[in-house]
Amino acid sequence: GAVSKHKKEKEPEARVWRRFPGPAGGDVPLRVTFDQAPYAELVAHAKQSLNVEVGGVLCGDACEDEAGLYVHVRATIPGTASRAGSTHVTFTQETWTAIHAEMEAKYPRLAIVGWYHTHPGFGVVFSDMDLFIQKNFFAGPAQVALVTDPLGGSEALCVNGPDGIRYVDRFWVEGRERRTTMPAGPASESVTPPDRH
């Protein structure tokens, strides 16, 4: 099937006490900040394929400051083993194996804090499959999902809240705010597994 029997990604065990590299406050359900390099790599990866979806995982830390929890993305790992020719990104057992090998080799101190993928040319509303992946593999409070349309340049970001998966209207890259597209309504009232095609 499209969804492997992979366990949920483990939540980062310890939260790192670190000052948020951006403006204080920020009335968003969860603040998310990217270092410049991983954000640039994500954008470059998104632009490599304008006819099929590509994606990968976001690596970093669950952090805390005076204002509470935030996510600091410090690296990305492209999901190279995602099935070619598939219309949407899937995380197969092979994808996870490759991701974990790369994490151990390059980023042993980081945790998986979310994932990203592209919707080339058809906007950034999360599909039922996207929401299913978020709910089943990235369900922790410090795990997020970014979708980008490399043709239109728009981005949307989802976070896990007590009331389900929600869109947030901005994130930060090296302290600079980036506004996101906010599709109408919450991302999910209740996410049911999508029909298998």
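Fair warning: this is a prediction, and the values are worked out from it, not measured in the lab.

Novice: Is there a simple way to explain the overall build of the protein chain in this structure?
Specialist: Looking only at helices and strands, the protein chain features three helices and ten strands. Sequence-ordered secondary structure for the protein chain, helices as α and strands as β, is β-β-α-β-β-α-β-α-β-β-β-β-β. Across the 197 residues that make up the protein chain, the buried fraction comes to 51%. A fraction of 69% describes how many contacts in the protein chain between residues 6 or more apart in sequence connect residues 24 or more apart. When the accessible surface of the protein chain is split by element, carbon and sulfur atoms take 52% of a total near 9500 Å².

Novice: So what exactly am I meant to see when it comes to the environment of Arg-179 here?
Specialist: One can find Arg-179 in strand β10 (residues 176-179). Taking the relative accessible area as the measure of exposure, Arg-179 reaches 52% and is therefore exposed. Separated by 23 residues in sequence, Arg-179 and Ala-156 have C-alpha atoms that sit 8.7 Å apart. Each residue touching Arg-179, except ones within four places of it in the same chain, is listed here: Asp-169 and Arg-170. Among the polar contacts made by the side chain of Arg-179, one reaches the side chain of Asp-169 at a distance of 3.3 Å. A polar atom in the side chain of Arg-179 sits 3.0 Å from the side chain of Glu-177.

Novice: Explain unusual backbone geometry here, please?
Specialist: Most peptide bonds adopt trans geometry, and most residues besides glycine take a negative phi value. Phi at Glu-174 takes a positive value of approximately 50 degrees, unusual for a residue other than glycine. Looking at the element boundaries, Glu-174 is found in the loop between β9 (170-173) and β10. The exposure class assigned to Glu-174 is partly exposed, which follows from its relative accessible area of 42%.

Novice: Looking at this structure, I do not really get the pattern of salt bridges. What am I missing?
Specialist: A side chain of one charge can pair with a side chain of the opposite charge if their charged atoms are brought near each other. A complete count under the given rule lists nine salt bridges for this structure. Here Glu-66 and Arg-19 are joined by a salt bridge, their closest N and O atoms 3.2 Å apart. Remark: Arg-19 occurs in the loop between β1 (16-17) and β2 (31-34) and Glu-66 occurs in the loop between β3 (55-65) and β4 (68-78); sequence separation between them is 47 residues. Taken individually, Glu-66 and Arg-19 each receive the classification exposed, so the pair is uniform in this respect. A salt bridge links Asp-61 to Arg-74; the nearest nitrogen and oxygen atoms lie 2.7 Å apart. Here the residue Asp-61 occupies a position in strand β3, and Arg-74 occupies one in strand β4, the gap between them amounting to 13 residues. Assessed through its relative accessible area of 8%, Asp-61 is described here as buried. Classification of Arg-74 by relative accessible area gives partly exposed; the value is 36%. Taken together, the shared-partner salt bridges connect Asp-169, Arg-170, Glu-177 and Arg-179 into one network.

Novice: Would you mind showing me how to read the pairing of β3 here?
Specialist: Looking down a regular strand, the side chains alternate between one sheet face and the other. The element β3 is extensively covered by neighbouring structure, given that ten of its eleven residues are classed as buried. Bridge analysis of β1 against β3 gives two bridges, and the strand direction is parallel. Residue pairing for β3: Val-16 is matched across the bridge by Cys-63. As paired strands, β3 and β4 are joined by ten bridges and run antiparallel to one another. Within the sheet, the bridge partner assigned to Cys-59 lies in β4 and is Ala-75. Hairpin remark: β3 followed by β4, antiparallel, with two residues in the connecting loop.

Novice: Honestly, the confidence of the model for the protein chain in this entry has me stumped. Any pointers?
Specialist: Caution is warranted with low-pLDDT regions, since their predicted coordinates should not be read in detail. Considering every residue of the protein chain, the mean pLDDT works out to 84; 81% of them sit at 70 or more. Note that residues 1-5 has pLDDT below 50 and, in this model, 14 contacts with residues that lie over four places away or in other chains. Predicted confidence for residues 189-197 stays below pLDDT 50, and this span has ten contacts to residues more than four positions away or in other chains.

Cut-offs and rules
Residues numbered from 1 in each chain as written. Predicted model: local features only at pLDDT ≥ 70, side-chain atom pairs only at ≥ 80, totals over all residues. Heavy atoms only, no water. Helix = DSSP H or I, 4+ residues; strand = E, 2+ residues; numbered from the N terminus. Buried < 20%, exposed > 50% of the residue type's maximum accessible area, 1.4 Å probe, protein only. Contact = heavy atoms within 4.5 Å. Areas by Shrake-Rupley, 256 points an atom, 1.4 Å probe, with all protein chains shown as cover. Polar contact = N/O pair within 3.5 Å; in protein donor to acceptor, adjacent residues only side chain to side chain. Salt bridge = Lys/Arg side-chain N within 4 Å of Asp/Glu carboxyl O. Pairing = 2+ DSSP bridges. pLDDT = per-residue confidence, 0-100.

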